[in-house]
Each structure stands twice: as structure tokens, then as C-alpha cells.
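Single-letter residue listing:
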Amino acid sequence: METKTATFPQTLQQAIVYFNDPDNALGFMISLRWPDGKITCPRCQSDAITFISTRRTWQCKNKECKKMFTVKLGTLMEDSPIGLDKWMAAIWMIGASKNGISSYEIHRSLGITQKSAWFLMHRIRLAMQTGTFEKLGGQVEADETFIGGKARFMHRNKREVKITGTGGCGKVAVMGLLERHGEVRVKVVPNRHKQTLQAEIKQHVEQGSELFTDALKSYDGLDEYIHQVVDHAEKYVDGQIHTNGLENFWSLLKRCIKGTYVSIEPFHLFRYLDEQSFRFNNRKITDQLRFLALSRLIVGRRLTYQQLTGK
């Protein structure tokens, strides 16, 4: 089929206008699903297909298949009744919002229910999971933080139930690794014990790299690295020895959680970490390029409501 040619959007306003044209939205999705331009059935891989222009779907002619399919099949949009124009706008908005964007704002902006917006956003967060086997190298910072409500903001009855100790008691521990001038990787960890933190470092950081941490005893014994420590009880920076890069990321993450999402379940915390990590790792490119990078990641993945809620 022929697709209309137009200047690809560079701003959210342009994206809304551009993808409001069904031909533009369909043509863009075709370029994502079949980059070589050869459209095949996602189920049987047959190229014997017919395009039904009135419904914007394809009919597979393979005798063993003979099923219809849309451009959404085989992507995070599969089985979604929400139109491509709203999906594209949501992907642009979540990718460009430095402090995140709530499901209620998506609900009001796109005219869908809050429940649909919440589900849609979690599917987009799945695309933001960008795992890799490559290890970090050069100068790497390691640090950990706790995510959870502060006792002074809780009602007394709730505080008595949730706050039963000091420090990170009742909160979720998160570890981060940042390659300076590179990417950040964060993960929910069960605790701050030596075995837990060092296992993450050895898995993600190349041996011989410069490793900067605070004075937490759990980091002692990392002899395979050029390990340098800054004691925050004395100072935060000692020349090149600091963890301020990760402290900056923690600040962005907590501003996002506390200011935009307000309250999130520990069960879903890793999804919000993926979201913030994706934006941070792609912070130096334009909104347009970030949108294109995120859009390419929706292909070949799927998240059902049952999987998301655990029901």
C-alpha cells in the first residue's frame, strides 16, 4: 500500500497532528514491523496476503492459516482497542517527560479511562527494559538507596505498622551502577549485604575498571577493581572520587516517584526504574529520536493485564 509522505514530527504538537492521519500512523507502524518493506503474516510468516483497505487489516491466504491480522499483532499494542494515534501520543509523552507522567494525565489528555491509561503506560515501560550482556567499564560509580514513604508524612496508625525500625526498615532497596559519561543500570535488591551488592557489581562491571563507592562495608574486598572510597561522614567529593552522578539519578528518580506518581507498589517498582533509566540513558538526544528509539522496542513484546496485576 502507499503511504503519505510528510515531514516527520519533532514536537508533541506535530506528532499529534501527524499521527491523527490514519495513513501516517499505519505507514509508521509498517516501517517498524517490517523494516524491509515486505509484509508477512506474523503467525505463519507467509507473504501470501491481501490488504483490506476499508478495515486497514490484512488477510492471510495461507491454507493452513487464513487468519486476519493488524499491524498491532506481535507488538505491545496487541489486542488493544486504543487507536494508533493515541498510542503514538502516549509513547511520545512518556518518553519526553523528564519527571514522568501520571496515568490520570494520560487519561485526561487522550480521552481514555484511567485504568486503560495505567495499563497502556505499563506496556510502554516494558519496552523501556533494555537489558544487555555488555559490561560497564572505565570509571563506574556504585551506590544504593531506599524507596518508600517517610515516617513523618504517615498517619500515626500507619506509621506504627510500617515503621518498625530505623534506616531502610519498611522500604525497598535499590542498587545503581553508573558509567561516567555513559549509561546507568538500576535494580531492586533484597538487601545491602556484601554478597548481594558485590554480585551485582561483578555481573555488570568489567574487571580492572575504576570503581567509586561510599564507605559502606559491603563494598570491601573488591580487589579485582581499582576501588576508591569517599566517606560521606567527612566529605562528598575528593577529586575524581565521588558518587555524585548516581546521587543525581536518585534525585531525578525520587522527584519522579514522589512528585508525579506519589505512591507505587513495590511489586511494580522495577518498571518505574526501567522508565527513568531509559530517559536518563537517552537524555542527550532529541524528543523525536527518543520517540523513535522507544517505538522500535515495542515490537516482539507483550504484556497482558493478567501478567501485570498477577491475578
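K.L.:
Help me understand the nonpolar core in this model?
P.N.:
The tendency in soluble globular proteins is for nonpolar side chains to be buried side by side. Within the largest apolar cluster, 69 residues are counted, with the highest numbers of intra-cluster contacts made by Phe-19, Met-88 and Phe-291. Broken down by element, this core gets its largest block of residues, nine residues, from helix α3 (residues 84–96). Leave out the neighbours within four places in its chain, and Phe-291 touches Phe-8, Phe-19, Phe-28, Met-88, Ile-91 and Trp-92. Grouped together as the second largest cluster of nonpolar side chains are 14 residues, Leu-136, Ala-173, Leu-177 and Leu-222 included.

K.L.:
I keep staring at the confidence of the model for the protein chain and nothing clicks. Help me out?
P.N.:
The predicted coordinates of low-pLDDT regions are not to be read in fine detail. With 92% of its residues at a pLDDT of at least 70, the protein chain reaches an overall mean of 91. Across residues 1–5, confidence stays below pLDDT 50; counting only partners more than four residues off in sequence or on other chains, it has eight contacts.

K.L.:
Mind showing me how you'd approach helix α4 (residues 103–110) here?
P.N.:
A turn of α-helix holds 3.6 residues, and therefore any two residues three or four places apart point the same way. Ser-103, Ile-106 and Leu-110 are the residues of α4 that are buried. The buried residues of α4 occupy an angular sector of 60° when the element is viewed end-on, so they sit on one face. Of the residues flanking the end of α4, it is Gly-111, one or two places downstream, whose phi is positive at about 75°.

K.L.:
What should I look at first to understand the packing of α3 against helix α10 (residues 287–296) in this one?
P.N.:
Each packed pair of helices is defined by two parameters, the angle between the axes and the distance between the axes. The N-to-C vectors of α3 and α10 enclose an angle of 120°; their axes lie 9 Å apart at closest approach. Our pair here, α3 against α10, has a crossing hand that is right-handed. In this structure, α3 uses Met-88, Ile-91, Trp-92, Ile-94, Gly-95 and Ala-96 to contact α10, whose residues at the interface are Asp-287, Gln-288, Arg-290, Phe-291, Leu-294 and Ser-295. Here the residues of the contact of α3 with α10 are counted per class, giving seven nonpolar, three polar and two charged.

K.L.:
How should I be thinking about helix α7 (residues 194–204) in this particular structure?
P.N.:
Looking only at α7, the buried set comprises Thr-196, Leu-197, Gln-198, Glu-200, Ile-201 and His-204. Buried residues belonging to α7 abut β4 (139–147), β5 (172–179), β6 (184–189) and β7 (210–213).

K.L.:
Can you walk me through the packing of aromatic side chains in this structure?
P.N.:
Each aromatic ring pair is specified by the distance between its two centres and by the angle formed by the two planes. As enumerated under the stated definition, the model contains 18 aromatic pairs in all. Taking 6.1 Å as the distance between ring centres and 80° as the angle between the ring planes, the aromatic pair formed by Phe-8 and Phe-19 counts as edge-to-face. With Phe-8 in the segment before α1 (12–19) and Phe-19 in helix α1, this pair connects stretches of sequence that are eleven residues apart. The class of Phe-19 is buried, set by a relative accessible area of 2%.

K.L.:
Explain the pattern of salt bridges here, please?
P.N.:
Note that side chains of opposite charge can pair when their charged atoms are close. Under the defined criterion, the tally for this structure stands at 13 salt bridges. In this structure, Arg-56 engages Asp-23 in a salt bridge whose closest nitrogen and oxygen atoms are separated by 2.7 Å. Separated by 33 residues along the polypeptide, Arg-56 in the loop between β1 (49–52) and β2 (57–60) and Asp-23 in helix α2 (residues 22–33) bring together distant segments of the chain. For Asp-23, a relative accessible area of 19% puts it in the buried group. For Arg-302, the salt bridge is made with Asp-79, and the minimal N-O distance between the two is 2.5 Å. Remark: Asp-79 occurs in the loop between β3 (68–69) and α3 and Arg-302 occurs in the loop between α10 and α11 (305–309); sequence separation between them is 223 residues. The exposure class assigned to Arg-302 is partly exposed, which follows from its relative accessible area of 39%. Taken together, the salt bridges that share partners define one network made up of Glu-78, Asp-79 and Arg-302.

K.L.:
Whenever I open this one, the sheet that holds β1 confuses me. Can you help?
P.N.:
Either a parallel or an antiparallel arrangement is found when strands of a sheet pair, and the pairing is made through backbone hydrogen bonds. Read across the sheet, three strands follow the order β1-β2-β3 without closing on themselves; strand pairing throughout is antiparallel. Where the open sheet ends on each side, the last strands, each with one partner, are β1 and β3. Here β2 pairs with β3 via two bridges, running antiparallel. Bridge assignment links Trp-58 to a residue of β3, and that residue is Phe-69.

What counts and how
- Residue positions within a chain follow its written sequence, with the count starting from 1.
- Given that this is a predicted model, residues contribute local features only at a pLDDT of at least 70 and side-chain atom pairs are listed and counted only at 80 or more, while totals for whole chains, interfaces and linings are drawn from all residues.
- To obtain the side-chain values, all non-hydrogen atoms of the structure were used and water was disregarded.
- What is meant by a nonpolar core is a set of buried Ala, Val, Leu, Ile, Met, Phe, Trp, Tyr and Cys residues, joined one to another through side-chain atoms within 4.5 Å.
- Buried means the residue's accessible area, taken with a 1.4 Å probe over protein chains only, is under 20% of the maximum for its type, while exposed means over 50%, and partly exposed covers the values in between.
- A run of H or I in DSSP becomes a helix once it reaches four residues, and a run of E becomes a strand once it reaches two; helices and strands are each numbered from the N terminus.
- Throughout, a contact is declared for two residues whenever any of their heavy atoms are within 4.5 Å.
- The pLDDT score gives, residue by residue, the confidence of the prediction method on a 0 to 100 scale.
- This arc describes the spread of directions from the helix axis toward the C-beta atoms.
- For helices, the axis comes from a line fit to the C-alpha atoms of the stretch in contact; other axes are also lines fit to C-alpha atoms, and the angle between any two N-to-C directions lies between 0 and 180 degrees.
- Handedness of each helix crossing follows the sense of rotation of the near helix against the far helix: counterclockwise by less than a right angle gives left-handed, clockwise gives right-handed.
- Each residue gets one of three labels, nonpolar for Ala, Val, Leu, Ile, Met, Phe, Trp, Tyr, Cys and Pro, charged for Asp, Glu, Lys and Arg, and polar for the others, Gly among them.
- Aromatic pairing here means that ring centres of Phe, Tyr or Trp (its six-membered ring) are within 6.5 Å. Orientation follows from the plane angle: under 30 degrees is stacked, over 60 is edge-to-face, and everything else is tilted.
- Every case where a carboxyl oxygen of Asp or Glu lies within 4 Å of a side-chain nitrogen of Lys or Arg is listed as a salt bridge.
- Paired strands, as defined in this entry, are two strands with at least two bridges between them according to DSSP.

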